[in-house]
Amino acid sequence: MVNQFLLPRQKGLDTLFYLTIAFALLGPTLGIPITEGFKLTLFRVAFVLLVGGLVLKFVSQKRLEASYLYPIRWYAAFFAFWFCYALLSLTWVVSLGHAVRYIIFLGMMLLLTLSLPYFLSSEQKFWKTQRVLLGVFAAIIVFGVFESITLLHLPSSRGFGYDSAIVTSVFNNQNDLATCITIALPFLVTALYMLDNLSKRQKWLIYFIAVLSLYVLLTTGSRSNTFFALPLVAFVIIFTVPLVVERKKITRKNIMIAIGAVILAAIIVQAMSVAFWSEEARQRAKEKLNTTFGIFSDLNKGSWDIEEGDGQVIDGETGKSVTVRKYLLLNGLRFLAKSHYMGVGAGNIEPLMEGAPKVNKINMHNWWAEVLVNFGVIVFVLYMSLYFFIIWRLAKLAFLKTSPQISPIIRWGAVSCLAAMIGYFIGGMAPSTAIHFTPMWICYGLSLAVIVLGETQKKKRKMAN
């Protein structure tokens, strides 16, 4: 008989879960290189311990209570199908090593995503998780500000060892940091006008974290996040205000406060840019800003036929980034067609992209295309259908008219996740790959948790009435 003292207790598992999501955001920063391609990170250690604890609990109790996850049963079923399809793709991949590595990442991220609705079984746990994530995100942003001033980079940063003005904080590159910020900002901004339980001190703290986030976002120079994803997020937030906030709160005074807060934020960000940016950073930001709309003309640079020409990378007005991404997509679609639209197999875009014409990168740099080309039309259609279904369900929970029964905290979570998920349509085109981009998977998991908690609250309060 197993000693009861050796069995995992729920409180211990909850603590391990909070550590796992905290270390997930910090990524490769807290880790020890073991081999050239593998780093033992605290996230991986915590994740393995968490999964081991759950397995031990299941073995000892013969079950894991998860009936409350019924509202997201189709997502769990799709995740299982997706993982099985990835395993099946091992039979036709050209590089077994790339495929196995990718499948390991996919399995970890799918379990990480499902762990959020599983562990956030109550509103109190959801709120505690938000506080943990806020603390970690604040640390990421504060270090980003420090990095922009000192030009000191972490070993995980692509700028490490160089006198480089790029800012990556705990991430490998600046686009990952920028995408993380545009995912997190909706939670900060909406908290300021939706959460009445916050004190003035807490709201000021959240406000300044948001302002520093905007400064760091501008410092990254990510055009897709700064000039496209951020405005999209802002539009969603502004559009939903009259639908998620009681009419009596939408007063002239509150509107003027909001406008004043935006103006003050812009002044602070501008002052910090003038005071802290190096000449290199200032010049790079100026070039990025001046060439933003050149992105559209760059899309028409060169032929849309990848076989036409000498196969060399084409320079555009904004550099090579846009033209390379264009031909990454076109090459990827060619690989997809050759696979009979079943997908090239898990992680096999990279080996196929080596030596492909008109590109100098091997990652797709587009999460949506990565899912399509790796796993084919069937998985892509199911993935996108469920993604849109999440957005629709979050909107129903967020709006006062359709869900008057849910609590302010869950409504705030629904609005925040809604804006973040919509903004990620653009943000997902910035990172080189999102298979191990934990902010996206955590946001996905938070959205599922909000759906579970929100629909459970609606059901209970309807029955009570």
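Since the structure is predicted, the reported quantities are computational estimates derived from the model, not experimental observations. (Residues numbered from 1 in each chain as written. Predicted model: local features only at pLDDT ≥ 70, side-chain atom pairs only at ≥ 80, totals over all residues. Heavy atoms only, no water.)

**Examining the packing of helix 6 (residues 174-194) against helix 7 (residues 200-220)**
Next, step 1: Where helix 6 meets helix 7, the closest approach of the two axes is 9 Å, and the angle between their N-to-C directions is 155 degrees. As far as their axial angle goes, helix 7 and helix 6 are roughly antiparallel. Crossing of helix 6 over helix 7 shows left-handed handedness. Residues Gln174, Leu177, Ala178, Ile181, Thr182, Leu185, Leu188, Ala191 and Leu192 of helix 6 form the contact with helix 7, whose participating residues are Lys203, Ile206, Tyr207, Ile209, Ala210, Ser213, Leu214, Val216, Leu217 and Thr220.
Next, step 2: For the contact of helix 6 with helix 7, the per-class residue count stands at 14 nonpolar, 4 polar and 1 charged. (Axes fitted to C-alpha atoms, helices over the stretch in contact; angles between N-to-C directions. Helix = DSSP H or I, 4+ residues; strand = E, 2+ residues; numbered from the N terminus. Parallel < 35°, antiparallel > 145°, perpendicular 65-115°, else oblique. Left-handed = near helix turned anticlockwise from the far one by under 90°. Contact = heavy atoms within 4.5 Å. Nonpolar A, V, L, I, M, F, W, Y, C, P; charged D, E, K, R; others polar.)

**Considering the packing of helix 1 (residues 10-26) against helix 5 (residues 123-150)**
Next, step 1: Contact geometry of helix 1 with helix 5 gives a least axis separation of 10 Å together with a crossing angle of 30 degrees. As summarised for this structure, helix 1 and helix 5 are arranged roughly parallel, according to the angle between their axes. Considering how the two elements wind past one another, helix 1 and helix 5 form a crossing that is right-handed. Between helix 1, through Asp14, Phe17, Tyr18, Ile21, Ala22, Leu25 and Leu26, and helix 5, the contact on the second element is made entirely by Lys125, Lys128, Thr129, Val132, Leu133, Val136 and Ile140.
Next, step 2: By residue class, the composition of the contact of helix 1 with helix 5 is 10 nonpolar, 1 polar and 3 charged.

**Points about the nonpolar core**
Next, step 1: The biggest cluster of nonpolar side chains holds 126 residues, and the ones touching the most others in it are Trp82, Trp367 and Tyr383.
Next, step 2: With 15 residues, the top contributor of residues to this core is helix 14 (residues 367-398).
Next, step 3: Leave out the neighbours within four places in its chain, and Trp82 touches Leu106, Leu110, Trp367, Val371, Phe375, Val379, Tyr383 and Trp441.
Next, step 4: Membership of the second largest hydrophobic core comes to 14 residues, among which are Tyr327, Leu330, Met353 and Ala369. (Core = buried A, V, L, I, M, F, W, Y, C linked by side-chain atoms within 4.5 Å. Buried < 20%, exposed > 50% of the residue type's maximum accessible area, 1.4 Å probe, protein only.)

**Structural notes on the environment of Val216**
Next, step 1: Summarising the element assignment, Val216 is placed in helix 7.
Next, step 2: Residue Val216 is classed as buried on the basis of its relative accessible area, which comes to 1%.

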